[in-house]
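Inside the fold
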Amino acid sequence: MRRRRRLLLCALLAGLVVVAGLAVRWVAAPSDERADLSTRPGTSARPGPFVPGPGMGSAPGVGPASNATAAHGSEAGIRYTFDGGLGEPVTDAAGRLGLRARRAGGGQLSAVAHDGGLAVRFPPRCEHYGAESCARAIVQSGPAGFLNPGRGSITYGATVLVQPNETSKGANVVQKGFSVGDSQFKLQVDGEAGQPSCVIVGTGSSAIFVAVAARSIADGRWHRIACSRGNSLLTVVVDGAEAGRTAVPPSLSIANDDPLCIGGKGTSANNDQFVGAIDDVFVTRIA
């Protein structure tokens, strides 16, 4: 009897060790470090709270003041205004999709004034794009499966500020998912010209659909950019006017367990770091 009890106790302890090991591995290797063809995996950075930036004073932490919201049912959405400043992570009205900072290479986030509130400024442009020494910082949620539109419609975007000297080869504004072995929706401002574009990739497909705006937004002014997938079209809208579109298959489905990333796709060297400021991030889908 005693021998049986000792064996049972050992088995229980072994099980606890395995569970603890899995938990540590999840923290150390978040899903946003999944390799894309355009990047190589880097050293994962552990999530941490936003760090107050210059000029913030005693601004309160991100919290209910960020006005992040979520809806239930077939239609769902979130919105982040960042008006509470940068401090504790934000959660939406239903307690879901909390955002936290992830940093590498000394990258920092700061708050800047915008439209009577606050926006998030990302690290400055790096002289050598993609180098390990480049400062990187993004804002990332936990798994955000409830934002998957499947084959349904989705609209997502943000208000951004990019100076003429802040453009780069890759600059992700909002992203969920990856283009290789996954599915994805993304808003980016890639290229020296600073033209925003919308990207979607379907599950089980290598086809990448891109709608590029026919104008630059790298002029030192705030611009509202929205991406919409519906009626077999992917459309990019800048300041309320359609600026580009491309056809997409009606069967294309976007579904993954990845987080929502703002300002880059991760913290590896080639993370497509956004340079500039971002505000009013939103995602609305109808599955």
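Criteria and thresholds
Residues numbered from 1 in each chain as written. Predicted model: local features only at pLDDT ≥ 70, side-chain atom pairs only at ≥ 80, totals over all residues. Heavy atoms only, no water. Helix = DSSP H or I, 4+ residues; strand = E, 2+ residues; numbered from the N terminus. Buried < 20%, exposed > 50% of the residue type's maximum accessible area, 1.4 Å probe, protein only. Polar contact = N/O pair within 3.5 Å; in protein donor to acceptor, adjacent residues only side chain to side chain. Contact = heavy atoms within 4.5 Å. Pairing = 2+ DSSP bridges.

1. Some points on the side chain of Ser 168
Turning to its location among the elements, Ser 168 is positioned in the loop between strand 6 (153-161) and strand 7 (172-177). Exposure remark for Ser 168: the relative accessible area of 7% places this residue in the buried category. Looking at Ser 168, its side chain comes within polar contact range of the main-chain oxygen of Gly 170, at 3.0 Å. Ignoring any residue separated from it by four or fewer positions in sequence, one finds Ser 168 in contact with Tyr 129, Val 189, Asp 190, Gly 191, Glu 192 and Gln 273.

2. Some remarks on the pairing of strand 14 (residues 259-262)
Burial along strand 14 is two-sided: Pro 259 and Cys 261 and Leu 260 and Ile 262, pointing in opposite directions, are all buried. Sheet topology places strand 5 (residues 136-143) next to strand 14; three bridges connect them, and they run antiparallel. Counterpart to Pro 143 in the pairing with strand 14 is Pro 259. Of the pairings in the sheet, the one linking strand 7 to strand 14 comprises three bridges and is antiparallel in character. Residue pairing in the sheet places Lys 176 in a bridge with Leu 260 of strand 14.

3. Description of the environment of Gly 263
Tracing the backbone shows Gly 263 in the loop between strand 14 and strand 15 (277-286). Here Gly 263 falls in the buried class, since its relative accessible area comes to 0%. In this structure the C-alpha to C-alpha distance between Gly 263 and Gln 188, which are 75 residues apart in sequence, comes to 9.1 Å. Look past the residues within four positions of Gly 263 in its chain and what remains in contact with it is Phe 122, Ala 137, Ile 138, Asn 172, Val 173, Asp 272, Gln 273, Phe 274 and Ile 278.

Keep in mind that these numbers describe shape and distance, not what the molecule does.
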